[in-house]
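Each chain is listed here by its residues.
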Amino acid sequence: MLRLQNINKYFARNTPDERRALKNLTFTVEDGDFITIVGSNGAGKTTLLNIVSGSYLPDTGRVILAGKDVTQLPAYRRAKYMGRVFQNTFQGTASSLTLEENFAIAFRKGKPRGLRLAINDPMRQKFREKLTEVGLGLEERLRDRVGLLSGGQRQAVALLMATIGDPKLLLLDEHTANLDPKTAKKILELSETLIREEQLTALMITHDLEDALNFGNRTLMMDEGEIVLDISGEERKRLTIAELLDRFSERRHKKFATDRVLLSSDR
Amino acid sequence: MVYSVQEGLLFAILALGVFITFRCLNFPDLTVDGSFPMGAAVFAFMAHSGFGPVYGIIVAIIGGALAGLFTGFLHTFSKIPALLSGILTMICLYSINLRIMGRPNISLSEFLGHRTVFTILRDTFTGYPEMYLRLTFLLGLIIFLKVMLDMFLHTEIGLAIRATGDNETLVEAQGINPDRIKLIGISVSNALVALCGAMFAQFQGFVDINMGIGMVIAGLASVIVGEVLLRGRTIFVITIQVILGAIVYRMATAIALNWGYHIGFKPFDLKLFTGLLVIIILSFPVFKAKLRRVR
């Protein structure tokens, strides 16, 4: 489905501030995988997703998506294969446009855009159905601007937009981090439902180790631009958070620590 | 007053163009100061070459679109910042416009056999007062353009233009090439600006190489005066608000000219007036926030 080969990514290359964000990263995502990714700040999680989406081009290495080398393809030319939801709840939608206008933009993903009117009634009907399924009462607000919605509602809209038009891959970049716990749970469940129903392959970054182990079928742990742990199958089912942290310290000879991770793993 | 309403309706064409770049695309496009006289220059050139006004207008529109395309390429292909791209095109156009015109000013005179849409109008509807003929024609034209623009901004491409100005990351993630969308938006905007230039040339009967100076700010002034008057949420209302803004702005300048001479206001002070108007309206929210904090 997706293969990254020897990916290196530098920031501020050839300056005193040079930072190597990804180090010889190689890994393969199988069809139907739902991978959760954890790691402290600066581990390279978001950089990894940016390489997959095409927002960044790698300095070395290759990105192979569905058997095609897409390493040099800009983001907009890979878009039809994937949907993406961001941590910032304003990033996944255009807030000055209405709900139905946002959907209409997602609706034409991967298809040429011309001078047809962007929205028609059958489309509206379809949007309404999709929103009714989510059950946030958004189906009555199709003509409201997205900027008026709450963060959780915007994230739900962004999720739906990301999964319209049959993408193969869903990229979730800490998409519940800025939401209150209750809303976060709802959005996370919605994500899982969509992934299951649409049979998507998904990469989800999270800072919540519990979520990382409870959701999906495979967990990657990253540190300083490398994948340190890659756990799946029976081994993952039995793993506890404490064991996960122990295995990290064993490998890296240091504690896995960010405030956020510690706080959430205390529960 | 009727005259300044006419002028307002005419310059509303330019304001709609400025609205596309500044508000929809979030691209502060200064090409306008060059593409406005370009539209006028092209029209004058066509008229002097013996073509009727419709041809002159069409070629002017194409010229404006090309000017916009050039700015767009500077920005998207050469990665030159938006403001600089516009200024570069503007300065290039100064020479190009002089080339087109052959001299710094040209008059469009009936004695030389130059026809304009306004002379045609007068000759077709004899017996009606010319002032109101012009007014009706300009009103019809701006309503037509408004409806066309409203429709355009609701098409797939139009929606992409508005989304690009709002959130470029999203637009890319939805498979749209934002560069292509910017090229289209800036071209359409400058096509409108050049159309306005061609109409204004006919309206005042002559073309001057310097007629573009300050046109971006005049357009922007119309857009933000409109925003003060109405707070539209839908495109339908927002385009009305831009047109109203253009009319009110022209009336304000007319008032400044007519009554301002008591306090020593001269025509050449108009640019200062416009600049200050824009500055005051743009600074207003800051002062309001400061005042609220003091209280």
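Source: prediction; values computed, not measured. (Residues numbered from 1 in each chain as written. Chains lettered and ligands numbered in written order. Predicted model: local features only at pLDDT ≥ 70, side-chain atom pairs only at ≥ 80, totals over all residues. Heavy atoms only, no water.)

A. Structural view of the overall build of chain A. Summing up its helical and strand segments, chain A has ten helices and ten strands in all. A compact globule built from 267 residues would reach a C-alpha radius of gyration of about 18 Å, and chain A, at 19 Å, matches this within 12%. For the C-alpha atoms alone, the extent of chain A along its principal axes is close to 60 × 40 × 35 Å. Put simply, 66% of the contacts in chain A that link residues at least 6 apart link residues at least 24 apart. Here chain A has roughly 12,300 Å² of accessible surface; of this, 46% comes from carbon and sulfur atoms. Here chain A carries 42 positive and 37 negative side-chain charges, and the mean point of each set is 6 Å from the other. (Helix = DSSP H or I, 4+ residues; strand = E, 2+ residues; numbered from the N terminus. Rg over C-alpha atoms; globule rule 2.2 N^0.38 Å. Contact = heavy atoms within 4.5 Å. Areas by Shrake-Rupley, 256 points an atom, 1.4 Å probe, with all protein chains shown as cover. Lys, Arg positive; Asp, Glu negative; His and termini not counted. Charge placed at Lys NZ, Arg CZ, Asp CG, Glu CD.)

B. Here's a closer look at the pairing of strand β1 (residues 2-11) of chain A. Residue and element names in this part refer to chain A. Where β1 and strand β2 (residues 19-29) come together, seven bridges link them in antiparallel fashion. Across the sheet, I7 pairs through a bridge with L25, a residue of β2. In this sheet, strand β4 (residues 60-65) lies alongside β1 in antiparallel orientation, the contact comprising five bridges. Paired with L4 across the bridge in β4 is V63. (Pairing = 2+ DSSP bridges.)

C. Layout of the environment of T119(B). Residues and elements named next belong to chain B. Relative to the helices and strands, T119 resides in helix α5 (residues 117-124). Residue classification places T119 among the buried residues on the basis of a relative accessible area of 11%. Residues T119 and I57, 62 residues apart in the sequence, show an inter-C-alpha distance of 15 Å. Among the polar contacts made by the side chain of T119, one reaches the main-chain carbonyl oxygen of T116 at a distance of 2.9 Å. (Buried < 20%, exposed > 50% of the residue type's maximum accessible area, 1.4 Å probe, protein only. Polar contact = N/O pair within 3.5 Å; in protein donor to acceptor, adjacent residues only side chain to side chain.)

D. Expanded view of the sheet that holds strand β9 (residues 218-223) of chain A. Residue and element names in this part refer to chain A. Read across the sheet, six strands follow the order β6-β7-β8-β3-β9-β10 without closing on themselves; strand pairing throughout is mixed. Because the sheet does not close on itself, it has two edges, and the strands there are β6 (82-85) and β10 (226-232). Ignoring which end each strand starts from, the neighbouring axes of this sheet average 15° apart. In this structure, strand β3 (residues 34-39) lies alongside strand β8 (residues 201-205), joined through four bridges in parallel fashion. Within β8, the residue paired with T36 across the bridge is M204. Across the sheet, helix α6 (residues 181-197) lies against β3, β7 (169-173) and β8, angled at about 170° from β7, the strand it touches most. (Axes fitted to C-alpha atoms, helices over the stretch in contact; angles between N-to-C directions.)

E. Quick peek at the sheet that holds β4(A). Residues and elements named next belong to chain A. Taken together, the four strands give an open sheet; going across it, the order is β2-β1-β4-β5, and neighbouring strands pair in antiparallel fashion. Of all the strands in the sheet, just β2 and β5 (68-69) have a single pairing partner and so form its edges. The pairing of β4 with β5 spans two bridges and is antiparallel. Across the sheet, I64 pairs through a bridge with D69, a residue of β5. The sheet strands contacting helix α1 (residues 45-53) are β1, β2 and β4, and the helix crosses β1 at an angle near 120°.

F. Region of interest: the interface of chain A and chain B. Taken together, the 29 residues of chain A in the interface contact 22 residues of chain B. One salt bridge connects E156(B) with R108(A), and the closest N-O pair in it is separated by 3.3 Å. Here chain A is connected to chain B by 13 residue pairs in polar contact (both at pLDDT 80 or more). Put simply, the parts of the chain that give the side of chain A that touches chain B at least two residues each are α2 (75-78) and α3 (99-107) of chain A. At five residues, the largest contribution of residues to the side of chain A that touches chain B is made by α3(A). A class-by-class count of the residues in the side of chain A that touches chain B yields 16 nonpolar, seven polar and six charged. (Salt bridge = Lys/Arg side-chain N within 4 Å of Asp/Glu carboxyl O. Nonpolar A, V, L, I, M, F, W, Y, C, P; charged D, E, K, R; others polar.)

G. Layout of the packing of α3(A) against helix α7 (residues 156-166) of chain B. Axis separation between α3(A) and α7(B) bottoms out at 10 Å; the angle between their running directions is 110°. Considered as vectors, α3(A) and α7(B) are oriented roughly perpendicular to each other. Between α3(A) and α7(B), the contacting residues are E101(A), A104(A) and I105(A) on the first element and L159(B), R162(B) and A163(B) on the second. Broken down by class, the residue content of the contact of α3(A) with α7(B) amounts to four nonpolar, no polar and two charged. (Parallel < 35°, antiparallel > 145°, perpendicular 65-115°, else oblique.)

H. Quick peek at the packing of aromatic side chains. Residues and elements named next belong to chain B. Evaluated as defined, the whole model comprises 13 aromatic pairs over all chains. Seen in terms of ring centroids, F125 and Y128 are 6.3 Å apart; in terms of plane orientation they differ by 75°. Their pairing is edge-to-face. Among the residues examined, F125 registers a relative accessible area of 40% and is labelled partly exposed. A ring pair is formed by F265 and F273, whose centres lie 6.1 Å apart and whose planes are at 85°; its orientation type is edge-to-face. Three or more aromatic residues joined by ring pairs make a cluster, and in this case those are Y3, F11, F36, F118, F137, F200 and F203. The ring of F118 carries R134 above its face, with NZ or CZ at 4.7 Å from the centroid. When the ring centre of F236 is taken as reference, the NZ or CZ atom of K146 above it lies at 4.2 Å. (Phe/Tyr/Trp six-rings, centres within 6.5 Å; stacked < 30°, edge-to-face > 60°. Lys NZ or Arg CZ within 6 Å of the ring centre and 35° of its normal.)

From the geometry alone we can't say anything about function, so treat these as descriptive.
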